Amino acid sequence: VPRSASAYRRRKRLGLRLAGFLAPDDPDDLTSEQRDKIGEWRESPWAFLTGTDVRSTATLDFPKGRPVVWTKDERDKKVPLKPFPAHLDYMRELLRDVFEQRGFPRERFSLHEAAIFAIEKTRQMYVSTGLLNGISWECAFHDARQWFVSKVTETESIQLITDKVRVPISHWPLWLQRYMKVAPRPADTIKYRRSGSAIRAVPMNFALREASGSTGDVFVDEAPLQDMLGSILEKTAPMATRIVMVGTPQLGGPGTGAYEFYQYVKFAEDEDSTEGLQEI
Amino acid sequence: MSRAPAIEGYSRRYNPLKDCVVIRVHYRADPAKRDPRWIAGVKKRSPSHHAYLREYELDWSSPAGNPFYDTFAADPAKYVHPLKQLISAPVYRAWDFGYRHPAVVFFQVSQSKRLWVIRECMPAGIDSHSFRDLILYLSGQVEYDALVRRPRALEWLAELGRMRKVDETWRAIPEPPWFGQSTQFVDVSGPEATKISATVATESKEKSDAEILASGGINLQMTWQRIEDGENIIRRLLLDAPDGLPGMLIDPACPLLIGGMKGGIAFPKPTKAVPIPVKPHKDGFFENLHDCLRYGVVASVPVTEDGEIARPQTVVLGDRRIVQVYPGQAGKEVGFYENEKDLWK
């Protein structure tokens, strides 16, 4: 046992250095199976979020092996951590729509126009958690991505990315955590050092100060509660390639901005169409 | 474009005009939540039926928070009645100005002082000249050709046409123009538009809006009651009249005003500075229609039920004291006293 605090710190530093030396944080140090898994997971968010770890032991609960992504369920006291729900078909569709832009016609794609997704959802549908983990997948497996995650206040948005993104990352297999080099600090930004991507937690007024300099995609959680939804759309649309708004209907108070927006997009249709919005 | 396999409770619609995808995730998308027992549990736990409709059935017309007109929100169907034909009385047009959401509410007042709200118009991002001409066209006072130089007015009319095609709620709005050429109109607005300011600092943009209206033949009337009375009058009109119907009825052709009265016009969240809010939330949307309605009622309906307003009369007594006396209070002095001793007489 070290006799003094300074000796303890010295030994701890040495230990960390040795641990860093031994840790396989170089891609070449991955086994071929791990490399295959990474290649497989890069293909789609669904493949990653419902994937299983290499050589993991099959159990009665997980016959295919240990799931890679675990999320927090605050309502369940007995089993607060659960694997990503692979049985939800709508979640697979949602992730495909948003991250592969399947909802849009192919010829539409343009770097200069933001694709807006207005998602209205029932409560407790796992939509925010699913999409935030999709964002985490995109940042981990794709280079130079930047996502802004907006809630009413910065504290709320930091709490959101901590619960929905950092917690699942902390349950990734250790080798994957080391490989992706996700920085534990600062609290408001999750940096994926290997890909150079980042998720930034921002308050709802971020568009007024950030958009002029920063480019990135935007995730607006509980959009109908954000008074400044109009400003977010207006300011970020020229900068973002995707704006994803999620929310449960609200009428009155701050929800009026979202009400107006949903009315606006709901009723608009192609001049030639007589059936309103098109199902794709 | 490939069609994705249908999943119950999950729908995706692309809006090519706005380049936006609207995705709807209903609880039925999750097989575990299709169980009637789950739905029953959710209904039981929801604080109100409105909350259940809003949060689980994705109903955008159920209010969140506290509706400003809770009487209306409690039973909206009671107040929504189609007006089959116009009353033989002028049609009031209550105006609220602004570039983002100018608004006009059309209404009539019957002999029994019942307010019939007939139509509404609230375009977005439109200049005052175009808005004026749009309202004149909707009122049947100018021909469609008069809008040729007003592209924003034409856009709104086109949008109205689209809304009427795709949504049942908006189908209740008839094809414009809404009124015949013989209809008489009375135009009212807030005091900003008509009052003359003593200083530049207190001048308002609404004053020039009123001049723009005047150049098109629309002369705004002065209101004869305080605008603050509007809320009281509306609350009184929401009460039942002797014939059993409420004092205010709204035609289904006013979907936005109905949405506002149902809860779109709401109290703001309490803050430290204002722990018990008494004024509605300034949302930049419903508030404009609300203002129109307030301006309209103060110009057309008395604040008291019988229409009589007790106003104090100033009387100069023989000893040159100035006092204020209410009618029916003969001999009782109310108001200003010359000195403190008078208070104890």
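Residues numbered from 1 in each chain as written. Chains lettered and ligands numbered in written order. Predicted model: local features only at pLDDT ≥ 70, side-chain atom pairs only at ≥ 80, totals over all residues. Heavy atoms only, no water.

K.L.:
Looking at this model, I keep getting lost on the packing of helix α4 (residues 89-99) of chain A against helix α5 (residues 127-141) of chain A. Mind explaining?
P.N.:
To describe two helices that pack against each other, one gives the angle between their axes and the distance between the axes. All names here are of chain A. In the contact formed by α4 and α5, the axes pass within 10 Å of each other and the chain directions differ by 50 degrees. For the element pair α4 / α5, the angle class is oblique. The interaxial crossing formed by α4 with α5 has right-handed handedness. Counted together, Met91, Leu94, Leu95, Val98 and Phe99 of α4 and Val127, Gly130, Leu131, Gly134, Ile135, Trp137 and Glu138 of α5 form the full contact between these two elements. Grouping the constituent residues of the contact of α4 with α5 by class yields nine nonpolar, two polar and one charged. (Axes fitted to C-alpha atoms, helices over the stretch in contact; angles between N-to-C directions. Helix = DSSP H or I, 4+ residues; strand = E, 2+ residues; numbered from the N terminus. Parallel < 35°, antiparallel > 145°, perpendicular 65-115°, else oblique. Left-handed = near helix turned anticlockwise from the far one by under 90°. Contact = heavy atoms within 4.5 Å. Nonpolar A, V, L, I, M, F, W, Y, C, P; charged D, E, K, R; others polar.)

K.L.:
How do you make sense of the pairing of strand β6 (residues 185-189) of chain B when you look at a structure like this?
P.N.:
Residue and element names in this part refer to chain B. Within β6, five of the five residues are buried, which leaves the element mostly enclosed by the surrounding structure. Side-chain alternation along β6 places Phe185, Asp187 and Ser189 on one buried face and Val186 and Val188 on a second face that is also buried. For strand β3 (residues 91-96) and β6, the ladder comprises five bridges, and the chain directions are parallel. Bridge pairing links Trp95 to Ser189 in β6. Sheet topology places β6 next to strand β7 (residues 220-221); two bridges connect them, and they run parallel. Within the sheet, the bridge partner assigned to Asp187 lies in β7 and is Leu220. (Buried < 20%, exposed > 50% of the residue type's maximum accessible area, 1.4 Å probe, protein only. Pairing = 2+ DSSP bridges.)

K.L.:
Looking at this structure, I do not really get the sheet that holds β3(B). What am I missing?
P.N.:
The strands making up a sheet are joined through hydrogen bonds of the backbone, oriented either antiparallel or parallel. All names here are of chain B. With mixed pairing, the six strands of this open sheet are ordered in space as β7-β6-β3-β4-β5-β8. Bordering the open sheet on either side are β7 and β8 (248-250), each of which pairs with just one other strand. Its contacts with the sheet place helix α4 (residues 128-138) against β3, β4 (103-109) and β5 (115-121), and it is angled at close to 160 degrees to β3. Sitting on the sheet, helix α11 (residues 286-300) is in contact with β3, β4, β5, β6 and β8, with an inclination near 35 degrees to β4.

K.L.:
Is there a simple way to explain the environment of B:Lys43 in this structure?
P.N.:
Summarising the element assignment, B:Lys43 is placed in helix α1 (residues 36-45). The spacing of B:Lys43 and B:Tyr56 is 13 residues in sequence and 9.1 Å in space, taken between C-alpha atoms.

K.L.:
Would you take a moment to explain the state of the cysteines for this structure?
P.N.:
Each disulfide consists of one covalent bond between the sulfur atoms belonging to two cysteines. With the rule as written, the count across this model stands at zero disulfides over all chains. This cysteine, B:Cys121, is not joined by any disulfide, and B:Cys292 carries the nearest cysteine sulfur, 9.6 Å off. (Disulfide = S-S within 2.5 Å.)

K.L.:
Any chance you could explain the side chain of B:Asp187 here in plain terms?
P.N.:
Residue and element names in this part refer to chain B. Along the polypeptide, Asp187 turns up in strand β6. Looking at Asp187, its side chain comes within polar contact range of the side chain of Arg93, at 2.6 Å. Side-chain polar atoms of Asp187 contact the side chain of Trp95, separated by 2.8 Å. Those residues within four positions of Asp187 in sequence are excluded, and the remaining contacts are Arg93, Trp95, Ile218, Asn219, Leu220 and Gln221. (Polar contact = N/O pair within 3.5 Å; in protein donor to acceptor, adjacent residues only side chain to side chain.)

K.L.:
I would appreciate a short explanation of the pattern of salt bridges in the present structure.
P.N.:
A side chain with one charge may pair with a side chain of the opposite charge, provided their charged atoms come close. Residues and elements named next belong to chain B. Counted by the stated rule, this structure contains 32 salt bridges over all chains. Of the charged contacts in the structure, one is a salt bridge between Glu55 and Arg54, with a shortest N-O distance of 3.8 Å. Both residues of the pair, Glu55 and Arg54, belong to the buried class. In this structure, the salt-bridge partner of Asp133 is Arg132, at a minimum N-O distance of 2.9 Å. As far as burial versus exposure is concerned, Asp133 and Arg132 are alike and both buried. (Salt bridge = Lys/Arg side-chain N within 4 Å of Asp/Glu carboxyl O.)

K.L.:
What is the right way to look at the nonpolar core in this model?
P.N.:
Where a protein is soluble and globular, its nonpolar side chains tend to be buried together. Counting residues in hydrophobic clusters, the biggest one holds 95 residues, and the most contacted among them are A:Met245, B:Leu115, B:Val117, B:Met248 and B:Met261. Here the element with the most residues in this core is α11(B); it accounts for eight residues. Of all hydrophobic cores here, the second largest spans 61 residues; its members include A:Phe117, A:Tyr179, B:Tyr10 and B:Ile23. (Core = buried A, V, L, I, M, F, W, Y, C linked by side-chain atoms within 4.5 Å.)

K.L.:
Hey, could you run me through the pairing of strand β2 (residues 20-25) of chain B in this one?
P.N.:
Looking down a regular strand, the side chains alternate between one sheet face and the other. Among the six residues in β2(B), five count as buried, and that is most of the element. Taken together, the six bridges between strand β3 (residues 115-121) of chain A and β2(B) define a ladder with parallel strand orientation. For A:Glu120, the partnering residue across the bridge sits in β2(B) and is B:Arg24. Taken together, the six bridges between strand β1 (residues 10-15) of chain B and β2(B) define a ladder with antiparallel strand orientation. Of the residues in β2(B), the one forming a bridge with B:Ser11 is B:Arg24.

K.L.:
Explain the side chain of A:Ser44 to me, please; I cannot follow it from the model alone.
P.N.:
Residue and element names in this part refer to chain A. Summarising the element assignment, Ser44 is placed in the loop between α2 (32-43) and α3 (45-49). By relative accessible area, Ser44 is classed as buried at 17%. Here Ala47 takes part through its backbone nitrogen, which lies 3.1 Å from a polar atom of the side chain of Ser44. Excluding residues within four positions of it along the chain, Ser44 makes contact with Glu100 and Trp137.

K.L.:
Looking at this structure, how should I read the packing of aromatic side chains?
P.N.:
Centre distance and the angle of the planes are the two values used to describe a pair of aromatic rings. Scanning the model with the defined rule gives 23 aromatic pairs over all chains in all. Pairwise contacts between aromatic rings join A:Trp41, A:Phe48, A:Phe141, A:Trp172 and A:Trp175 into one cluster. Above the ring of B:Phe185, the side-chain terminus of B:Arg93 is found at 4.2 Å from the ring centroid. (Phe/Tyr/Trp six-rings, centres within 6.5 Å; stacked < 30°, edge-to-face > 60°. Lys NZ or Arg CZ within 6 Å of the ring centre and 35° of its normal.)

K.L.:
Would you mind going over the layout of surface pockets with me for this structure?
P.N.:
To locate leftover empty space, one rolls a probe as large as a water molecule over the atoms. All names here are of chain A. Roughly 1100 Å³ of internal volume is contained in the second largest pocket. Surrounding the second largest pocket, 40 residues form its lining, Thr71, Arg75, Pro85, Tyr126 and Thr129 being those nearest its centre. Among the secondary structure elements, those contributing two or more residues to the lining of the second largest pocket are β1 (70-72), β2 (81-83), α5 and α6 (154-170). The dominant element in the lining of the second largest pocket, judged by the number of residues it contributes, is α6, at four residues. Of the residues belonging to the lining of the second largest pocket, the class tally is 15 nonpolar, nine polar and 16 charged. (1 Å grid on protein atoms, 1.4 Å probe; cavity = no way out; pocket = protein on both sides within 12 Å on 5 of 7 lines; lining within 4 Å. Points joined across faces, edges and corners; volume = space filled by probe spheres on them.)

K.L.:
Where do I start with unusual backbone geometry in this structure?
P.N.:
The phi angle of most residues is negative, glycine excepted, and most peptide bonds adopt the trans form. The amide bond that connects A:Arg185 to the next residue, A:Pro186, takes the cis arrangement and shows omega of -5 degrees. Relative to the elements of secondary structure, A:Pro186 occurs in the loop between α7 (174-180) and β5 (189-192). Note the cis peptide between B:Pro176 and B:Pro177, where omega equals 0 degrees. Here B:Pro177 lies in the loop between α6 (168-171) and β6.

K.L.:
Got a minute to help me understand the confidence of the model for chain B in this structure?
P.N.:
A low pLDDT score tells you not to read the predicted coordinates there in detail. In the predicted model, chain B carries a mean pLDDT of 81, and the fraction of residues at 70 or more is 79%. Overall fold confidence (pTM) sits at 0.69, and the ipTM for the predicted complex is 0.82. (pLDDT = per-residue confidence, 0-100.)

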